[in-house]
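Notes for the structure review
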Amino acid sequence: MELYYSFSALIVLSAIFSYINARFLKLPASIGIMVIALIVSLGLIATDSIFPKTFVRITNLIASVDLTEILMGAMLNFLLFAGAIHLHLEDLKEQRMPVIIFSTVSVVISTFVIGFLMFNILPLLGMHIPLIQCLVFGALISPTDPIAVLGILKQAGVPKSLETKIAGESLFNDGMAVVVFILMLALARGEEVNTSFSGISMLLAKEALGGIALGLVLGFVGSQMIYRVDGYNVHVLITLAIVMGGHLAAQAMHMSGPLAMVAAGLVVGNYGKNLGGVSETERDYIDKFWELVDEILNAILFLIIGFELLLIPDLKQYSWAGLITIAVVLFARFVSIYIPVRLIPFKTKFGKKSITILIWGGLRGGVSIALALSIDQELNKDLILAVTYFVVLFSIIVQGLTVGKLTAKMTENEENNK
């Protein structure tokens, strides 16, 4: 019952904050909910001595939510499947080379750039932490967040080709990011890790390629089941079974659940829904159901992110480190995009506009916070969590609200220069 009460409270707060945003702020739904949650969090902190019971109740509610387990173990699978089921495979195939490079090579470049810069900059602020812990932070903050990206790009007016690159990168980079994060965290803990090329390759193959293969199988089997029966209610149940059963199967086989869900969603969205036996009405019901799941889970997630402020001790003392980290992460994003674009002969040339939007549109979100929360306390968890929170807030609020305006401005300048 405790889980039911917690979930009920989150749904009620999400509904109230959604109403306030739609009625007054009129920001993109996810950002609006998070901003209101942040304002409420700051208000609770400021009035802690006046309303101590309210502060304790909300803090206990957020503390009872294991964001690492809830997001990485459940919500992420639903959100990735919901995002992938609406992504057109033809668009993705056209942009496959940039998506592959940005979701693998760029993640590794960014991890090391952030790690080495943080290792050299933090001592200037009186914070001395080992290089390996800086690399752990680099690994968790480097991947762009599919939830933040997919939710915000819908309303940003980014050109279709760029939207596919950014969305595709964010959907697929979890495999590489998780492998790098697991490796760095194990080294930081002092565990014995096979860091040879063959060892890392095997880990990547099992985690990433295994997850994709599992997703393709699940998507194909589910699509065949959808094709052989009538009724949108059965079709929706089959897609739910793919996500929930697929997560359990990926866990049991130590494969990437997120990548399995992306692959399964692409198969169902581009193959299963388009088989001859599936009517237009049934396709529409599947789409509407997963759009609704996407909206509800996004609302809850961004609400939790806003309230996570209550759980970070002494956030103020890390303010300078947080502001500097924002600049470091943006610089690393620039390097990780610029180097591949200049060295790899992509079929499509990247101009200044494309590179700028790719850098600014690479948002960080709940995945980074969830990974930061999973770090051991003795590995400078408070510092890493605090600077991660600074980066995520800046990414979602500042970058998320301006990427559309930046795109429009650069498009206008391009037309004026013709």
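Heads up: the structure comes first, above all this text.
Scope of this entry: the structure provided in the associated data block. What you are looking at is a predicted structure, and each value in this text was computed from that prediction instead of being measured.

A few words now on the overall build of the protein. Scanning the protein from N- to C-terminus turns up 17 helices and 0 strands. Taken over the C-alpha trace, the protein has a radius of gyration of 21 Å; the compact-globule value for 418 residues is 22 Å, and the two agree within 12%. Referenced to the eigenvectors of the C-alpha coordinate spread, the extents of the protein come out at roughly 65 × 55 × 55 Å. Within the protein, the proportion of its 418 residues that are buried is 53%. Nonlocal contacts in the protein, meaning residues at least 24 apart in sequence, comprise 83% of its contacts between residues at least 6 apart. Of the roughly 18900 Å² of accessible surface on the protein, a fraction of 66% belongs to carbon and sulfur atoms.

A separate point is the side chain of T388. Within the fold, T388 resides in helix α17 (residues 381-417). Its relative accessible area of 0% is what places T388 among the buried residues. One polar contact links the side chain of T388 to the main-chain carbonyl oxygen of I384, over a distance of 2.6 Å. Not counting chain neighbours up to four residues away, the residues in contact with T388 comprise F137, L140, I141, S368, I369 and A372.

Moving on to helix α10 (residues 197-228). Taking 1.5 Å as the rise per residue, α10 with 32 residues should run 46 Å; its terminal C-alpha atoms sit 45 Å apart, in good agreement. Along α10, the residues classified as buried are G199, E207, A208, G210, G211, L214, G215, G219, G222, S223, Q224 and I226. The inward-facing, buried residues of α10 abut α9 (160-188), α11 (232-252) and α12 (257-270).

Further remarks concern the packing of aromatic side chains. In the structure shown here, the tally under the stated rule is 13 aromatic pairs. Measuring from ring centre to ring centre gives 3.8 Å for Y232 and Y285, while their planes differ by 10°; the resulting arrangement is stacked. With a gap of 53 residues between them, Y232 in helix α11 and Y285 in helix α13 (residues 280-307) connect regions that are remote in the sequence. Given a relative accessible area of 40%, Y232 falls into the partly exposed group. Residue class for Y285 comes out partly exposed when judged on its relative accessible area of 38%. Through a chain of ring-to-ring contacts, the aromatic side chains of F78, F81, F289 and W290 assemble into a single cluster.

Counting residues in each nonpolar core, the largest one holds 133 residues, and the members touching the most others are L71, F81, L140, W290 and Y389. Residues contacting F81, with those up to four places away along its chain left out, are T239, I242, V243, M261, A264, G265, V268 and W290.

A rise of 1.5 Å per residue sets the reference length of α12, with its 14 residues, at 20 Å; its end C-alpha atoms lie 20 Å apart and thus fit the reference within 8%. Across the 14 residues of α12, 13 count as buried, placing the element largely inside the fold.

Closest axis-to-axis distance for the α11/α13 pair is 9 Å, and the angle between their directions is 45°. The pairing of α11 with α13 is recorded here as oblique in orientation. Note on packing geometry: the crossing formed by α11 with α13 is right-handed. Residue-level contacts link Y232, H235, V236, T239, L240 and V243 of α11 to E282, Y285, I286, F289 and W290 of α13. Partitioning the contact of α11 with α13 into residue classes produces 8 nonpolar, 2 polar and 1 charged.

Now for a nonpolar patch on the surface. A surface patch of nonpolar side chains, about 440 Å² in accessible area, is lined by V217, F220, V221, M225 and Y271. Within the secondary structure, V221 is located in helix α10.

Look at helix α4 (residues 67-84) against α13: their axes get within 9 Å of each other, and the N-to-C directions meet at 150°. Compared by their axis directions, α4 and α13 come out roughly antiparallel. In the crossing of α4 with α13, the sense of the turn from one axis to the other is left-handed. Residues L67, L71, M75, F78, L79, F81 and A82 of α4 form the contact with α13, whose participating residues are W290, V293, D294, L297, N298, L301 and I304. In terms of residue class, the contact of α4 with α13 is made up of 12 nonpolar, 1 polar and 1 charged.

Cut-off values and rules
Counting starts from 1 at the beginning of each chain's written sequence and moves along it residue by residue. Per-residue local features are limited, in this predicted model, to residues with pLDDT of at least 70; the limit for side-chain atom pairs, both in listing and counting, is 80 or more; totals at the level of whole chains, interfaces and linings are taken over all residues. To get the side-chain values, take all heavy atoms of the structure and skip hydrogens and water. Note on conventions: DSSP H or I runs of at least 4 residues are helices, E runs of at least 2 residues are strands, and numbering of each starts at the N terminus. For the radius of gyration, the atoms used are the C-alpha atoms, and the globule rule reads 2.2 Å times the number of residues raised to 0.38. When accessible area is computed with a 1.4 Å probe and restricted to protein chains, residues below 20% of their type maximum are described as buried, those above 50% as exposed, and intermediate ones as partly exposed. The contact rule is simple, with two residues in contact once any of their heavy atoms fall within 4.5 Å. With residues, only the protein chains shown are counted as cover, and all accessible areas are computed by Shrake-Rupley using a 1.4 Å probe. Two N or O atoms count as a polar contact when they lie within 3.5 Å, although within protein this holds only if one can serve as hydrogen donor and the other as acceptor, and sequence-adjacent residues are included solely when both atoms are side-chain atoms. A helix is expected to span 1.5 Å for every residue after the first. Pairs were defined over the aromatic rings of Phe, Tyr and Trp, the Trp ring being its six-membered one, requiring ring centres within 6.5 Å. Orientation was assigned from the angle between planes: stacked under 30 degrees, edge-to-face over 60, tilted for the rest. The set of buried Ala, Val, Leu, Ile, Met, Phe, Trp, Tyr and Cys residues whose side-chain atoms join them within 4.5 Å is what this entry labels a nonpolar core. Interaxial angles span 0 to 180 degrees and are taken between N-to-C directions of axes, which are lines fitted to C-alpha atoms, for helices over the stretch in contact. Note on terminology: angles under 35 degrees are roughly parallel, angles over 145 are roughly antiparallel, angles of 65 to 115 are roughly perpendicular, and the others are oblique. Handedness of a crossing follows from how the near helix is turned relative to the far one, being left-handed for an anticlockwise turn of less than a right angle and right-handed for a clockwise one. When residues are sorted by character, Ala, Val, Leu, Ile, Met, Phe, Trp, Tyr, Cys and Pro go into the nonpolar class, Asp, Glu, Lys and Arg into the charged class, and all the rest, Gly among them, into the polar class. Within the patch definition used here, like charges are joined within 9 Å and nonpolar side chains (Val, Leu, Ile, Met, Phe, Trp, Tyr) within 5 Å, considering only residues with over 30% relative accessible area and no salt bridge. We count a salt bridge whenever a side-chain nitrogen from Lys or Arg sits within 4 Å of a carboxyl oxygen from Asp or Glu.

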